[in-house]
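Results of the structural survey
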Amino acid sequence: MRGLAILGSTGSVGVQTLSVVREFHDRLKVVGLAAKRSVGLLKEQIIEFRPKIFHCESLPNYDGSKLSSSSIPCSMDEMVSHPDVDMVVSAVVGDVGLRSTILAIQSGKNVALANKESIVIGGQLVSELLKTSDGEILPVDSEPNAIWQCMRGEDKKVSKLIITASGGAFRNYKKSDLSDVTPEEALKHPTWNMGPKITIDSATLMNKAFEVIEAHWLFGVPWENIEVVIHPQSMIHSMVEFVDGSVKAQIGPPDMRAPIQYSLLYPDRIANNSLDRFDPVGTGCLSFEELNQDLYPCFDLALKIAKLGGTWPAALSGADEMAVELFLSRRIRFDEIYSIIDEALKSHDPVLDPDIEDILSASNWAKNQVKSLAEV
Ligand code: MG
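Residues numbered from 1 in each chain as written. Predicted model: local features only at pLDDT ≥ 70, side-chain atom pairs only at ≥ 80, totals over all residues. Heavy atoms only, no water.

**Brief notes about the pairing of strand β10 (residues 236–242)**
Counting buried residues in β10 gives six out of seven residues, a clear majority hidden from the surface. Of the pairings in the sheet, the one linking strand β8 (residues 158–165) to β10 comprises four bridges and is antiparallel in character. Counted as the bridge partner of V158 is F242 from β10. In this structure, β10 lies alongside strand β11 (residues 247–251), joined through five bridges in antiparallel fashion. In the sheet register, E241 faces β11, and the bridge partner there is V247. Between β10 and β11, which pair antiparallel in sequence order, lie four residues; one of them, G245, sits at a positive phi of approximately 90°. (Buried < 20%, exposed > 50% of the residue type's maximum accessible area, 1.4 Å probe, protein only. Helix = DSSP H or I, 4+ residues; strand = E, 2+ residues; numbered from the N terminus. Pairing = 2+ DSSP bridges.)

**Considerations on the environment of D134**
Among the structural elements, D134 can be located in the loop between α5 (117–132) and β7 (137–139). Looking at D134, the relative accessible area reads 71%, which means it is exposed. Sequence separation between D134 and K43 is 91 residues; the distance between their C-alpha atoms is 33 Å. Apart from residues lying up to four places away in sequence, D134 is in contact with G108 and N110. (Contact = heavy atoms within 4.5 Å.)

**Structural notes on the packing of aromatic side chains**
Within this structure, the stated rule accounts for six aromatic pairs. Judged by centre distance (4.7 Å) and plane angle (45°), the ring pair of W148 and Y266 falls under tilted. You can see W148 sitting in helix α6 (residues 142–151) and its partner Y266 sitting in the loop between α10 (257–265) and α11 (280–283), a full 118 residues away along the chain. For Y266, a relative accessible area of 22% corresponds to the partly exposed category. Among the aromatic residues, those joined into a cluster by ring pairs are F170, Y173, F327 and F334. (Phe/Tyr/Trp six-rings, centres within 6.5 Å; stacked < 30°, edge-to-face > 60°.)

So, to be careful, I would describe these as geometric facts and stop short of saying anything about function.
Written out as structure tokens, the structure is:
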């Protein structure tokens with residue numbers, strides 16, 4: 001029986017993780033649930049899954065009596081290092097996820113990681129920790145999960161990673177149309193069902209840049225050997241080219257429960273009849289297009305910044321987090337997400353060999369910088 005702590009249990013990936021757990025009660029047990037502010041849903045989850053411990057950030061003093069009489073309230077730190085937890089599922093949104101990812105690895109836990117910001121901002125730090133820890137990172141996000149599946153048993157004879165991108169909500173728009181798109185339009189992802197922050201990041205392709213950064217750190221592949229192609233059907237989740245020119249692709253209907261299940265049950269593959277199967281004839285055409293840089297300026301900007309290292313990626317991620325929040329609350333336009341991040345980062349004063357505090361303070365600095373630029 002594998003004991004899970006699910007951080008961000010009321011968000012999109014958290015809810016889908018619990019739906020996988022429902023199918024595998026004989027193998028997976030929920031030990032801990034953590035949520036930010038969806039108290040009602042957390043309460044329902046506690047009643048159904050009866051975790052030993054829980055954490056709710058918006059309830060001061062861990063006022064657990066309101067939520068549960070059977071489960072014990074605890075801090076996030078206590079949860080990720082709890083002896084009954086074998087695997088931490090990190091499905092929180094944003095840079096705040098880094099602290100628990102690091103603590104989980106230091107505690108020797110495996111981390112099923114959906115919180116890609118942890119790796120974007122702390123890639124170097126996390127890679128160093130993994131060298132001396134018993135814990136591993138099992139990527140939940142569909143693209144790194146696909147790469148991981150393709151690389152399994154291949155002894156790292158990789159020559160190139162090809163990461164696929166749906167192109168997001170505005171793939172067929174002209175650049176000039178992007179100044180007056182609404183949050184509602186941007187939240188309509190063409191193929192995936194995901195939370196709001198990642199859906200906006202998909203529309204700007206910031207999400208894809210984050211996945212390149214994530215793949216660079218998780219799989220140790222040089223920047224120049226990672227390629228991104230637009231693949232509107234989202235059936236091929238990514239590909240790996242090997243030194244002999246052979247390419248493996250991982251294919252399946254776009255449903256997050258599939259990569260979540262792979263991570264939770266790794267190394268086992270077990271039938272789950274609640275998931276749709278890939279139907280080649282029914283799917284018809286699988287197509288690929290070059291990425292239109294003009295339409296997605298965030299993509300280039302993000303990679304340029306990430307390659308600078310130090311606290312630069314943390315500043316990038318923090319700036320993006322705030323810019324997306326401001327767009328969703330209609331304080332800036334969609335095309336201003338790029339310009340405000342670009343402007344904010346111009347005054348970043350980087351730390352080149354940062355620890356976790358430097359990283360989180362660079363992220364917070366960038367959030368405040370973007371916020372104050374929006375108020376001008
Ligand atoms: Mg993805």
